[in-house]
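Summary of structural features
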Amino acid sequence: MTTETTFASLALAEPIMRAIADAGYTTPTPIQAQAIPQVLAGGDLLAAAQTGTGKTAGFTLPILHHLSTQAAQSKPGRPRCLILVPTRELAAQVEESVKTYGKYLSLTSMVMFGGVNINPQFKALKSRVDILVATPGRLLDHMGQKTVDLSGVEILVLDEADRMLDMGFIRDIKKVLAVLPKQRQNLLFSATFSDEIRTLANSLLHNPKSVEVARRNTTVEVIEQSMHRVPQAHKRDLLAHLIKHHNWQQVLVFTRTKHGANKLAEKLIKDGITAAAIHGNKSQSARTKALASFKDGGVRVLVATDIAARGIDIDQLPQVVNFELPNVPEDYVHRIGRTGRAGTTGSALSLVDDEELAYLRDIEKLIKRSIVRVEIEPGFVPPAKADLMSDERPPRPPQGRGGPRQGQGARSGQPGGRNGSGRAPQGKPASGGAKPAAGRGAAPNSPAQPRKPRPQAALFSSKPGTRGH
Ligand code: AMP
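Residues numbered from 1 in each chain as written. Predicted model: local features only at pLDDT ≥ 70, side-chain atom pairs only at ≥ 80, totals over all residues. Heavy atoms only, no water.

Bringing the pairing of strand β13 (residues 346–352) into the picture now. Burial within β13 is extensive, with seven of its seven residues counted as buried. Of the two faces of β13, both are covered, the one formed by G346, A348, S350 and V352 as well as the one formed by S347, L349 and L351. Across seven bridges, the pairing between strand β8 (residues 223–229) and β13 is parallel. When the sheet's bridge partners are listed, S226 is paired in β13 with L349. Examined bridge by bridge, strand β12 (residues 319–322) and β13 share four bridges and lie parallel to one another. Looking at β13, one finds that N322 is bridged to S350. (Buried < 20%, exposed > 50% of the residue type's maximum accessible area, 1.4 Å probe, protein only. Helix = DSSP H or I, 4+ residues; strand = E, 2+ residues; numbered from the N terminus. Pairing = 2+ DSSP bridges.)

Membership of the largest hydrophobic core comes to 38 residues, with the highest contact counts inside it found for L61, I63, I83, I131 and L187. Aside from chain neighbours lying at most four places away, what touches I83 is F59, V94, V98, I131, L132, V133, A134 and V157. By size, the runner-up hydrophobic cluster in this structure holds 35 residues, among which are M112, L140, I173 and V176. (Core = buried A, V, L, I, M, F, W, Y, C linked by side-chain atoms within 4.5 Å. Contact = heavy atoms within 4.5 Å.)

This paragraph deals with helix α13 (residues 284–295). Under the 1.5 Å per step criterion, the end-to-end length of α13 is 16 Å for twelve residues, consistent within 8% with the ideal 16 Å. Buried within α13 we find Q284, R287, A290, L291 and F294. One side of α13 holds all its buried residues, which, seen down the axis, span an arc of 130°. Facing away from the buried side of α13 by over 90 degrees, the exposed positions are S285 and K289. Two residues or fewer after α13 comes G297, characterised by a positive phi angle close to 90°. (Expected span 1.5 Å × (residues − 1). Arc of directions from axis to C-beta.)

Turning next to the packing of helix α15 (residues 329–336) against helix α16 (residues 357–367). Between α15 and α16, the shortest axis-to-axis distance is 8 Å and the interhelical angle comes to 70°. By the angle class used here, α15 and α16 are roughly perpendicular. Between α15 and α16 lies a crossing whose hand is right-handed. Where α15 approaches α16, its residues P329, E330, Y332 and V333 are matched on the opposing element by D362, I363, L366 and I367. Per-class residue counts for the contact of α15 with α16 are six nonpolar, no polar and two charged. (Axes fitted to C-alpha atoms, helices over the stretch in contact; angles between N-to-C directions. Parallel < 35°, antiparallel > 145°, perpendicular 65-115°, else oblique. Left-handed = near helix turned anticlockwise from the far one by under 90°. Nonpolar A, V, L, I, M, F, W, Y, C, P; charged D, E, K, R; others polar.)

All right, on to the sheet that holds strand β6 (residues 185–190) then. As summarised here, the arrangement of the seven strands in space is β3-β4-β2-β5-β6-β1-β7, forming an open sheet in which the pairing is parallel. Strands with a single pairing partner mark the edges of an open sheet, and in this sheet they are β3 (109–112) and β7 (209–212). Sheet twist, expressed as the average angle between the axes of neighbouring strands with direction ignored, equals 15°. Judged from the four bridges that link them, strand β2 (residues 81–84) and strand β4 (residues 131–134) form a sheet pairing that is parallel. Pairing of I83 across the sheet is with V133, part of β4. The sheet strands contacting helix α9 (residues 195–204) are β1 (45–48), β5 (155–158) and β6, and the helix crosses β6 at an angle near 170°.

Before going further, it helps to examine the pattern of salt bridges. Summed over all chains, the structure comprises 19 salt bridges. The residue D306 makes a salt bridge to R335 at a minimum N-O spacing of 2.7 Å. Of this pair, D306 sits in helix α14 (residues 306–309) while R335 sits in helix α15; the two residues are 29 residues apart in sequence, bridging distant segments of the chain. For D306, a relative accessible area of 5% corresponds to the buried category. One salt-bridge network, in which partners are shared between bridges, spans K55, D159 and E160. (Salt bridge = Lys/Arg side-chain N within 4 Å of Asp/Glu carboxyl O.)

The next point concerns the sheet that holds strand β10 (residues 275–278). Sheet strands associate in pairs through backbone hydrogen bonding, adopting either a parallel or an antiparallel arrangement. Strand order in this open sheet of seven strands is β10-β11-β9-β12-β13-β8-β14, and the pairing throughout is parallel. In the strand order of this sheet, the two ends are held by β10 and β14 (372–373), each with one partner. Relative to β14, β8 runs parallel, the two sharing two bridges. Note on β14: the bridge partner recorded for S226 is V372. Against the sheet, helix α11 (residues 235–246) engages β8, β9 (251–254), β11 (301–304), β12 and β13, with an angle of about 155° to β13.

What follows deals with the pairing of β5. Residues I155 and V157 point to one face of β5 and L156 and L158 to the other, with burial holding for every one of them. The sheet contact formed by β2 and β5 spans four bridges and is parallel. What sits directly across from I83, in β5, is V157. Where β5 lies against β6, four bridges are found, and the strand directions are parallel. Within the sheet, the bridge partner assigned to I155 lies in β6 and is Q185.

Even without being a glycine, E160 presents a positive backbone phi close to 50°. E160 sits in the buried class, given a relative accessible area of 2%. In the Ramachandran plot, N207 falls in the positive-phi region, its phi being about 45° despite a non-glycine side chain. Classification of N207 as partly exposed rests on a relative accessible area of 49%.

Everything listed here is a matter of geometry and, on its own, says nothing about what the molecule does.
Below is the structure:
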């Protein structure tokens, strides 16, 4: 942490300080040091921060402080704070943080998302709910059924706003905004700032303060990034080999498709490695169960698609594997951000087929560094052709950044598949040599190009606004 700020200097209520101490946090992360005073001051906030920076506590702690120190009449099903998030997993996680940091307060919270029985949510809304964490779709259902009353919202948080827009939630968000009281505090968190996000920020935020922490793609140095060049058809066998060879006990693996995630988990299980897959076709309870067993060590490997993995928060996850490179370079940064969190170190390994080299170039441009190419270690025997599963083939050739973005327009939070090229496996056989790792910059691509910084200033509107107390 580069900041000098201490939690004590942030003047948070004593029960919150106790909960922070229980969580083992000694120093605020940079986003917390910047955001907490701004949120406490009561104005709107625009925060550029990614998952893994401690942003959840950055907004949760001052919200808890405000709600616990500013009394207001609370009625059943009428939250004082609404936190909108893109995915169920993130919703569950944020609410868990609210409970963790608010455990010595008498505030109440509730999480609301789709894909699960709505009846327990109806029941919960019959009691007092101070903080509601929701995904937009299910919240709209409740609004339609008049089981939730948003007229008392004092603070609105849009968390991972960029993902919400990517997932096609803009109309839902607008419908929610339309019923909120005009006088309120708005906090918008986003990892990236597209024109769409800027438009949303302009219409939502009044004279916001802005905070920004170093983008993950400039701070990924704590994560050891490497890659193996390997034909797509050999990847499953190679991964099983690596897990056994290195005795990895907790590995998060990203695949590009749901089908690929299932197949890979099946293959690993067949090879005696405990594994589970999570993606949008799995029921919420299956996803929650898989995540829980991954967290407690019941399964060694969790195979996930990008959007299903969004929001997964596992402290000190040691190993991430990109089974396929994402076609959107920012997703690479999100993926490897699962490891090396809040200052811990981690390792991210990518398995790269020849056909993915254009993706690799885009990623290296974005992160402004080369990913170290490492020879496959001895002992790995590529599978015989006859042993390959029929679908073990390389992904379709990259179409550059203009290609379809996973999850775009999908309400379910599930990326659209891009498998199914129907082509036979290609590429050179994997090396079985014992050569030492190539040095940094050994990737077979052009040197990384600096990326233009994203303009931020245009994000701010000049309308006055406060929380209204
Ligand atoms: P987030 O970016 O909110 O997903 O948080 C990432 C991780 O950082 C979570 O596991 C938090 O428990 C952890 N964390 C948050 N704040 C701190 C802090 N001040 N010190 C250490 N860890 C923290």
